[in-house]
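Residues per chain are reported as follows:
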Amino acid sequence: ASDLEDPRPHIQLNVLEIGQGSGSVAMDAIHPWFIRCFLPEECYQYTILQTLSPSLSYQDGSLEVILIQEDNTAIPFDMELHYTITSGTVFTEQGSCDRISITLTEAAVSLLQKNAELRITYQAVLREYAPVGQQILGTAQLYYMDSDGSRVSCISERASLRTGGFPIQLTDSSGNPVSGSAFMLARAATNEEL
């Protein structure tokens, strides 16, 4: 079943590509994240929240919001007219994290139709101290008021990112692996360091 066939409000977090829940990028590489929200017409006061991992840095000004209607027509949303954004740093058990909060205005809610998708795209970068080879996990939350006036929230499944890497193997002149060897990988010195 497609995401649009689920009648309940729900949220999905993807990394690198739409529909992809995990991926790998190099250190310092800017890469996209996609928050996909499937919203009912009869609800209101929508807020989408994501607290990034301490290993990621949100790229200010990179956020885009579009509404994709059932016929695949895309309506770009304007900041202030259709949504407000708050971004900043919060402190969690894991450390200092970037947080993004997007709240839809009444003008945006009036455009919602059955089987529409709200897609939020932003860029992030792996910080230089991100752990190598470990999963960097993320989730996004959707908060809204239902038709009965009750505050409701839902959370996305986790998306994950790994730092990219490559295998290094020491071989002899014939290409055979050399066992028990030790080596160090270092960058070349700059002129100032020399």
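Right above here is the structure, for reference.
Residues numbered from 1 in each chain as written. Predicted model: local features only at pLDDT ≥ 70, side-chain atom pairs only at ≥ 80, totals over all residues. Heavy atoms only, no water.

1. Points about the nonpolar core
Ranked by internal contacts, the top residues of the largest apolar core, which has 39 residues, are W33, I35, Y46, L63, L104, L118 and Y122. Residue contributions to this core peak at 5 residues, all from strand β10 (residues 117-126). Setting aside residues no more than four positions away along its own chain, L118 makes contact with I35, R36, C37, L39, I48, V65, I66, L67, F77 and L104. (Core = buried A, V, L, I, M, F, W, Y, C linked by side-chain atoms within 4.5 Å. Buried < 20%, exposed > 50% of the residue type's maximum accessible area, 1.4 Å probe, protein only. Helix = DSSP H or I, 4+ residues; strand = E, 2+ residues; numbered from the N terminus. Contact = heavy atoms within 4.5 Å.)

2. Points about the pattern of salt bridges
Scanning the entire structure with this criterion turns up 3 salt bridges. In this structure, the salt-bridge partner of E117 is R36, at a minimum N-O distance of 2.8 Å. Placement of E117 in strand β10 and of R36 in strand β3 (residues 30-38) is noted, with a sequence separation of 81 residues between them. For E117, the salt bridge goes to R119, with nearest N and O atoms at 2.9 Å. This pair shows no difference in class: E117 is buried, exactly as R119 is. Connected through shared salt-bridge partners, R36, E117 and R119 make up one network. (Salt bridge = Lys/Arg side-chain N within 4 Å of Asp/Glu carboxyl O.)

3. Structural notes on the side chain of S55
Considering the arrangement of structural elements, one finds S55 in the loop between β4 (44-51) and β5 (56-58). Note on S55: relative accessible area 9%, which makes it buried. When near neighbours in sequence (up to four residues on either side) are disregarded, S55 contacts V125, L126, R127, A130, P131 and I136.

4. Focus on the pairing of strand β12 (residues 141-145)
Where burial is concerned, most of β12 is hidden: 4 out of the 5 residues are buried. Judged from the 4 bridges that link them, β4 and β12 form a sheet pairing that is antiparallel. Opposite I48, over in β12, you have L142 as the bridge partner. Examined bridge by bridge, β12 and strand β13 (residues 151-155) share 5 bridges and lie antiparallel to one another. Residue pairing for β13: L142 is matched across the bridge by C154. As consecutive antiparallel partners, β12 and β13 are separated by 5 residues, and within that stretch G149 has a phi angle of approximately 85°, a positive value. (Pairing = 2+ DSSP bridges.)

5. Brief notes about the side chain of R36
Note on R36: relative accessible area 10%, which makes it buried. A polar contact is formed between the side chain of R36 and the side chain of Q12, at a distance of 2.7 Å. A polar atom in the side chain of R36 sits 2.8 Å from the side chain of E117. (Polar contact = N/O pair within 3.5 Å; in protein donor to acceptor, adjacent residues only side chain to side chain.)

6. A closer look at the packing of aromatic side chains
Going through the model one piece at a time under the given rule, you end up with 2 aromatic pairs. Judged by centre distance (5.7 Å) and plane angle (65°), the rings of Y58 and Y122 are edge-to-face. Linking Y58 in strand β5 with Y122 in strand β10, this pair joins segments that are 64 residues apart in sequence. According to the relative accessible area criterion, Y122 is buried, its value standing at 1%. (Phe/Tyr/Trp six-rings, centres within 6.5 Å; stacked < 30°, edge-to-face > 60°.)

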